[in-house]
Amino acid sequence: MKKNVIFSFSNVVFCVFCASNKKKVIKNIKMGKKIVLTMFGALFTLFSTAQVNNETTGVPGDTIDWEKYLDQVTVSAVRPLVKMEADKMTYDVQGDVDSKSATVLDMLRKVPMVTVDGQDNIKVNGSGAFKVYVDGKPSPMFSNNTSQIFKMMPAAAVSKIEVITNPGAKYDAEGAVGVLNLVLAKAGGAGGQQTINGLTGTVRGQIGNRGYGGGASFSAQEGKLSVSGNLMTGYQRLKDIDFVSDRYEDNGTHVNQSLTTNQRTHFGMGTLSLSYDLDSLNTLGGSLGLTMFRIKSRYNPTITTYPARDILETEPFTYGYRSSAIQKYTSIDASADWQHFFSGDRTHYLTLSYLFSQTPQRSETTQEYDDISGMQDLFSKTRPKSSEHTIQLDYVRPLAEGQTLNLGAKYINRQNRSKSYYYNLGADEANALTGEVDYRHSNNIAAGYAEYELSKGIFSGKGGLRYEHTWQKIEYKQGAGQNYSTDYGNLVPSLSMNLRPSMTSNIGLTYNMRISRPGITYLNPYIDRTNPLQISYGNSDLEVEKNHNFGLSYSIFSTKFMMNIGLQQSICNNRISEYSFIKDGLINSTYGNIVKERNSSLNIFMNWLALPNTRITMNAGGSYADLRSSRLDQRNHGWEGNLMLGVQQTLPWDLKLSLNWIGNTKSYTLQGWSTGFNLGVVGLTKSFLKDRLNLSFQGVTGIGNHGKLKLDTYTRGHDFENRQKINVPIAQFAFTVSYTFGNTKVRAKEHKSRIENDFTEKKSDQEQMGNAGTGTGM
C-alpha cells in the first residue's frame, strides 16, 4: 500500500538514501515497519543544520514530487519562497498562495528590495532607474509602462520575479540599480524541461468591481520540438479620483485647480517560444511577443486664479475646460538563437543570438475651454516610435574545477523618432496647424566583456570588465532644435563575492558601476500642454548617468525560518532629475543632470513557519536619501521606510487564508516630498480536483480615510510652491478561477532568448508611474 511521508528539507539526504536502496525500503513498507521511517526522519531532523543544501531556504510552499525516486512512496518537501544570492534575489511567485488572485504589482510589494508607493511608482533599492526583462530578454513596452502593465497583469502568469542587483559583466551596463526580470509561468507549473511528449495547459478568468480579464497558457513537446505560449487580456476601470492643486507664487498669486478623473485601460499580451534540438550538441530557439496597451481618460478641471497682493482691485477669475486623452502603445518582439555545445556535459558552449523590437506609440489630447476663459480649444498628437536590432555572441569555457571564463561581444542599433502636431480647433482648416516637430534620435552601441568565475570550498565569486561605446545622433527634421552628434565610451567593472560560513548561512559582498542613458521621453522636445497651468518637455542635452553601487548581504535559513539582511549604498554625481520653474505665468517641467544623490538603505526579509499551518512573512526596508543640486541651489534629504506584514493560514477544508498589511512612509525628491500610505489586502483560495481547479478571492482597501488612499505631494521651486492632494477610491474585490488540463507532469522546454539586453533607455517618472490604485486584470 502506498504511503505518504512528509519530511522537512533536512530529510532530503534521507530521500537520496531511500532512492539508492529503493527495493529494501519498499519491502519494509510493505511489511508494515513504519517505525523505521519515523526514526530516520527524526534523526535527520536533529542534524538538519549540517544537512541543508546551500540553495535551500526551507520556506514552506508547494511540494516537490519524488515519485521518480520511489515508485510506491511519495516523499514531499517544502520549496523555498525566496532564494538569496550575493548578486540576485529570486521570489517564487507560484509558491505564494496570493498569486492565484493578485496582480504582478501586488506581488512586487512583497519582494525584497522592491517598493511600490501609493501612486504605484516602483523602486528597486530606492531608485526607479532599473530595467525590466521578460523571460531573460528586455521589453521596451514593460520598461516604458512598468506599473501600468504590472497592475493589469495577473500574478498567476508569472513563475518567478528576479531582482538582479549586481548583474555582472555579461549584462549590459544600462540600469542604474539593476534588473527586474519576470519569468513567465508555463502551463501546469513553473517551467523546466519536458521529458514526456504531450500537451498541458491552463485557462484563467477574473472579474471584479473594477474590471475583468482572462488568460491561457500551454506547453507541448513532440520529439525534439518544444513549444510554449502565453496569452492574457484585461480591462480596468478607475472612477472618481479627486485631485486638488494649489500653487502659491512668491508675488502672492494663488492658483487653485480641482478635478475628478475617470480612466479606462485595455491590455493584451501574447508570447510564443519554440526550441528544437538539432542533435545532442546543437539547439535552435526562437520567440515572438506582442503587447498592446491603451488608456482613455476624461476630466473636467475648474481653475481659479487669485491675483497677486499688489493687484488688489482685481477679482479672482474662474474658468473650466473639458479634456480627453487617448494613449496607445504596441510592442513587437522577436528573437532567434543558435547554441553549440563542445562537450556532452554542456558546460563548454557558444551562443549566437539576434533580437528585434519595435515599439510604436500614439498619444492624442483634446481641450475645450469655457467661453469665459478667452482661450482657444486645442488638439495635439504625438507619434513616438522606437526600433532596435541586436546581435550578440557569448562564449563560456570551464578552465579547471570550479573556474569558468565568460567572453562576449554585442552590437545594438536603435532608432527613435517622434512626430508631434499642434492644432487650434477654433481656426479654419488652412490655419489650424499651429506647430510641428519631427525629431530623430539614433543610438549605436558596441560592447565587449570578459568575466571570471571561481568556486572553491566555502568561497565563490566572480569579477569582470565590460566596455561599451555609444554613437549618438540627434536630428530635427521639423521644428526648433539644434542637430548634433557625439560618441563616448564607458568601462564598467563589477565584482561579487560569496562566503558560506555554514551550511545554513551566506555572506555576500558586491560592487558594480552602472549607467543610465536618457530615453526619448527625457530627450524629446515635444511640449505637453495637457495641463493649462503647466507645460512639460524634454532636454536633448542630457548626458549618461553614472552610478556606483555597493552591497553587503547576510542570509540565515533553516527548515522553519529564513531571514535575509541587505545593506546597500548608491552614489551618483549626475543624476537625471525632473525639476520645475515658473516662466510666463506657467510651471515649466523638464529634466537635467542636476542632482548629486547618496542613498543608503537597509532591507530585511523574513519568512517563518510559526505553526504547521501558519506562515508569517515580513518585508521591511529603510533608507536615507540625500539629494543636492548646485545648479538649482537646493537640497533635500530624509528617511524613508516601507513595511509589509503578512500571515498565511491553512483553514479546515484546506482553505488558504492570506492577510497582508502594507505601508510606506514619506518619500523625497530634490524639490519636495510625497506622503505615505497604508493598505489592507485579504485573500482566500480553495483548490479542487487534485489542484487542477482553483477558486480565489481578493479584497483590497485603504486603511483610514474611509477606505481611500490619501496622497499629498509638495514641490518647492525658487519662486513658487505647489501642493497637491489626491484621493483614490482604492477599495475593490475580485474573483478568479483557473483550470489546468492535460498531463500536469509535462513541462515544455521554454526557449529563453540568450540576449540579456538592458540597453533599454532610462524612463521618466511619468512613464514609470501608474495611475493610483491597484488594478484588476488578466
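Note that the structure is a prediction, hence the values are computed from the model and not measured. (Residues numbered from 1 in each chain as written. Predicted model: local features only at pLDDT ≥ 70, side-chain atom pairs only at ≥ 80, totals over all residues. Heavy atoms only, no water.)

Thoughts on the overall build of the protein chain
- Counting its secondary structure elements, the protein chain contains eight helices and 39 strands.
- Counting every position in the protein chain, which comprises 778 residues, the buried fraction comes to 53%.
- Partitioning the contacts of the protein chain with sequence separation of at least 6, the portion at a separation of at least 24 is 68%.
- A total of about 33,200 Å² of accessible surface is found on the protein chain, and carbon and sulfur atoms cover 57% of it. (Helix = DSSP H or I, 4+ residues; strand = E, 2+ residues; numbered from the N terminus. Buried < 20%, exposed > 50% of the residue type's maximum accessible area, 1.4 Å probe, protein only. Contact = heavy atoms within 4.5 Å. Areas by Shrake-Rupley, 256 points an atom, 1.4 Å probe, with all protein chains shown as cover.)

Digging into the nonpolar core
- Residues Tyr91, Leu108, Phe150 and Met153 are the most contacted members of the largest nonpolar core, which totals 42 residues.
- Take this core: its biggest share by element is four residues, from helix 4 (residues 104-108).
- Discounting chain neighbours no more than four positions away, the residues touching Leu108 are Val114, Val116, Ile122, Phe150, Ile161 and Leu180.
- One finds Val255, Tyr299, Tyr369 and Val681 within the second-largest nonpolar core, a separate group that totals 22 residues. (Core = buried A, V, L, I, M, F, W, Y, C linked by side-chain atoms within 4.5 Å.)

Digging into the side chain of Ser667
- Tracing the chain through its elements places Ser667 in strand 33 (residues 667-669).
- The class of Ser667 is buried, set by a relative accessible area of 18%.
- Setting aside chain neighbours within four positions, we find Ser667 in contact with Glu640, Gly672, Trp673 and Ser674.

Section: the environment of Asp279
- Looking at the secondary structure, you find Asp279 in strand 14 (residues 254-279).
- With 61 residues separating them in the primary sequence, Asp279 and His340 have C-alpha atoms 9.8 Å apart.
- Sequence-distant contacts of Asp279, that is, excluding residues within four places in its chain, are made with Lys224 and Arg346.
- A polar contact is formed between the side chain of Asp279 and the backbone nitrogen of Leu281, at a distance of 2.8 Å. (Polar contact = N/O pair within 3.5 Å; in protein donor to acceptor, adjacent residues only side chain to side chain.)

Concerning the environment of Tyr171
- The residue Tyr171 is located in the loop between strand 9 (158-164) and strand 10 (179-184) in this model.
- With 295 residues separating them in the primary sequence, Tyr171 and Arg466 have C-alpha atoms 8.7 Å apart.

Describing the pattern of salt bridges
- On inspection of all chains with the given rule, the structure shows 26 salt bridges.
- Lys88 serves as the salt-bridge partner of Glu162, at 3.9 Å between the closest nitrogen and oxygen. Within this pair, whereas Glu162 is found in strand 9, its partner Lys88 is found in strand 4 (residues 88-92), the two being separated by 74 residues in sequence.
- The class of Lys88 is partly exposed, set by a relative accessible area of 23%.
- Beyond isolated ion pairs, a larger network of salt bridges with shared partners links Asp172, Glu174, Lys410, Arg466, Glu468 and Arg517. (Salt bridge = Lys/Arg side-chain N within 4 Å of Asp/Glu carboxyl O.)

Points about the sheet that holds strand 8 (residues 137-138)
- Strand order in this open sheet of six strands is 3-4-9-10-7-8, and the pairing throughout is mixed. If you trace the sheet from one side to the other, it starts and ends with strand 3 (82-84) and strand 8, each paired once.
- In this structure, strand 7 (residues 131-134) lies alongside strand 10, joined through four bridges in parallel fashion. From the neighbouring strand, Val134 faces strand 10, where its bridge partner is Leu182. (Pairing = 2+ DSSP bridges.)

Some points on the environment of Ile527
- Of note, Ile527 is situated in the loop between helix 7 (520-523) and strand 25 (528-531).
- For Ile527, a relative accessible area of 25% translates into the label partly exposed.
- Through-space distance from the C-alpha of Ile527 to that of Val437 is 9.6 Å; in sequence the pair is 90 residues apart.
- Once residues within four sequence positions are removed from consideration, Ile527 is found in contact with Tyr422, Ile535, Ser536 and Tyr537.

Concerning the pairing of strand 4
- Of all five residues making up strand 4, four are buried, and the element is well covered by its neighbours.
- Sheet analysis places strand 4 next to strand 9, joined by five bridges and oriented antiparallel. Of the residues in strand 9, the one forming a bridge with Lys88 is Ile164.

Digging into the packing of aromatic side chains
- Here the structure, examined in full by the defined rule, presents 18 aromatic pairs.
- A ring pair is formed by Phe317 and Tyr319, whose centres lie 5.7 Å apart and whose planes are at 35 degrees; its orientation type is tilted.
- The exposure class assigned to Tyr319 is buried, which follows from its relative accessible area of 9%.
- Joined through ring pairs, the aromatic side chains of Phe317, Tyr319, Tyr321 and Tyr369 make up one cluster. (Phe/Tyr/Trp six-rings, centres within 6.5 Å; stacked < 30°, edge-to-face > 60°.)

Notes on the pairing of strand 39 (residues 732-742)
- With nine bridges joining them, strand 11 (residues 198-208) and strand 39 adopt antiparallel strand pairing. If you follow Thr200 over to strand 39, its bridge partner there is Gly742.
- Of the pairings in the sheet, the one linking strand 36 (residues 693-702) to strand 39 comprises eight bridges and is antiparallel in character. Its bridge partner being in strand 39, Leu695 is matched across the sheet by Val737.

Topic: the confidence of the model for the protein chain
- Confidence in the prediction of the protein chain, expressed as mean pLDDT, is 80, and 81% of residues score 70 or more.
- Under a pLDDT of 50 for its full length, residues 746-750 has, in the predicted model, 27 contacts with residues more than four places off or in other chains.
- Scored below 50 in pLDDT, residues 757-778 shows 149 contacts in the model against residues more than four places distant or in partner chains. (pLDDT = per-residue confidence, 0-100.)

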